[in-house]
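Below, each chain spelled out in residue letters.
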Amino acid sequence: MATEHATVAEEEYLQTLFWLQEAKLPMTGANVARAMQLSAPTVHEMIGRLERDGYITRASDKVISFTPSGLDHAEGVVRRHRLIERFLTDVLGIPWDEVHEEAERLEHAMSPVLEERMLAAIGDAKTCPHGHPIVAGARIDGVPLADVAEGAKVTILRFENEAEDLLHYLKESGIEPGLKGTLTANSPEQVTVTCEDGQLCSVTFSVAETVSVIADPSPPSRIALPEQLVLARERYGR
Ligand SMILES: [Zn+2]
Ligand SMILES: [Zn+2]
C-alpha cells in the first residue's frame, strides 16, 4: 500500500522519473543519478524507499515502473510545477528564465484549492512557459533543433532542460517557445534561426540539442541523449 503523502525528497525523485518517462529515456537509477547529479548510493537508497512506500516497482533488469499511486503523485507534482511557472510568468510578470527554481520550491506545498485557483488564473494556457504540457499526456512530439537541416522552417516547441543557467542563456539568445522562423545556419559550433521578423537567434550546437522544435522538412525523430539531462553549465561550452 502506498503512503498517502510523499515526502519532498520522494516527490523530487518521482518528478525526475516522470521527466525520464516523458523523454522516452529508460527509467533507471543510473539515469536518475545523472539527471539529479547525485551519487549512485544516494539514489539507490531513495529508489529503495520509493519501492517500499509503494510508488514504484523494479524489474529484474533494474528498469523502474510507476505503480498507479506513484504515477498519480508524479503527475501531480509535475502538473503543479508547470502550473506555478505559468502563473509566475503570466500573472505575476516574472521573466520565464527566473521561474523554474521558484516552482521547485512551491510545488510541494500547494493545496488542491490553490491549484484550482491558479489554474483559473492562467486562462487558456496549456503549457509551462518552457513549452511543457501542464496536463500529463498532452506532449507534442518534436525533434532536436540541432538535427534540423539548413533552410527548414521551424517552430520552437519546448526547452527539454530547465536548468536556470541554461534558461538565462536561451533568453539572451532570443529563442522562446512558439517562435517561428527558418534555420539559416547549422554548424558543429552554432545553430542559427532567422525569425519571421528578421531577428537572428543563435545558440551553441549542444544547447540546440536540448531545444525541441517542429520542422518542415523534418529530420527523423530520435530519443534525447541522457547527457542532455545533466544540468551543469559546463555541458554547454560557455
Ligand atoms: Zn521548471
Ligand atoms: Zn517549465
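Calculation criteria
- Residues numbered from 1 in each chain as written.
- Chains lettered and ligands numbered in written order.
- Predicted model: local features only at pLDDT ≥ 70, side-chain atom pairs only at ≥ 80, totals over all residues.
- Heavy atoms only, no water.
- Core = buried A, V, L, I, M, F, W, Y, C linked by side-chain atoms within 4.5 Å.
- Buried < 20%, exposed > 50% of the residue type's maximum accessible area, 1.4 Å probe, protein only.
- Helix = DSSP H or I, 4+ residues; strand = E, 2+ residues; numbered from the N terminus.
- Phe/Tyr/Trp six-rings, centres within 6.5 Å; stacked < 30°, edge-to-face > 60°.
- Donors = N, O, S within 2.8 Å, 3.2 Å for Na, K, Ca; no water.
- Tetrahedral: all angles 85-135°; square planar, octahedral: opposite > 155°, others 65-115°.
- Contact = heavy atoms within 4.5 Å.

A. Looking closely at the nonpolar core. Among the nonpolar cores identified, the biggest contains 27 residues, and Leu145, Val148, Phe159, Leu170, Val203 and Val213 are the most heavily contacted of them. Contributions of two or more residues to this core are made by β4 (153-159), α7 (164-173), β6 (190-195), β7 (200-204), α8 (205-208) and β8 (211-216). When residues of this core are assigned to their parent elements, the largest contribution, four residues, is made by α7. Core analysis: the second largest hydrophobic core is formed by 22 residues, Leu17, Ala23, Met46 and Ile56 among them.

B. Examining the packing of aromatic side chains more closely. One pass over the structure, following the stated rule, counts one aromatic pair. Judged by centre distance (5.4 Å) and plane angle (40 degrees), the ring pair of Trp96 and Phe159 falls under tilted. Taken as a pair, Trp96 in the loop between α4 (68-90) and α5 (100-106) and Phe159 in strand β4 lie far apart in primary sequence, 63 residues in all. You'll find Trp96 and Phe159 in the same group, each marked buried.

C. Local environment of the coordination of the zinc ion (ligand 1). His81 (NE2), Glu85 (OE), His100 (ND1) and Glu162 (OE) make up the full set of protein donors to the zinc ion (ligand 1), lying at 1.8 to 2.0 Å. Coordination geometry of the zinc ion (ligand 1): the four donor atoms subtend angles of 93 to 124 degrees at the metal centre, consistent with an arrangement described as tetrahedral. In this structure the zinc ion (ligand 2) is found 3.5 Å away from the zinc ion (ligand 1), and Glu85 serves as a bridging donor for the pair. You can see His81 sitting in helix α4 and its partner His100 sitting in helix α5, a full 19 residues away along the chain. Judged on exposure class, the residue His81 and its partner His100 are both buried.

D. Up close: unusual backbone geometry. A cis amide bond, omega -5 degrees, links Asp216 with the succeeding residue Pro217. The residue Pro217 is located in the segment after β8 in this model. In this model, Lys24 sits at a positive phi of 60 degrees, which is unusual for a non-glycine residue. If you trace the backbone, Lys24 turns up in the loop between α1 (8-22) and α2 (29-36).

E. Spatial organisation of α2. If you check which residues of α2 are buried, you get Asn31, Val32, Ala33 and Ala35. On its buried side, α2 packs onto α1 and α3 (40-52). Following α2 by one or two positions, Gln37 has its phi on the positive side, about 55 degrees.

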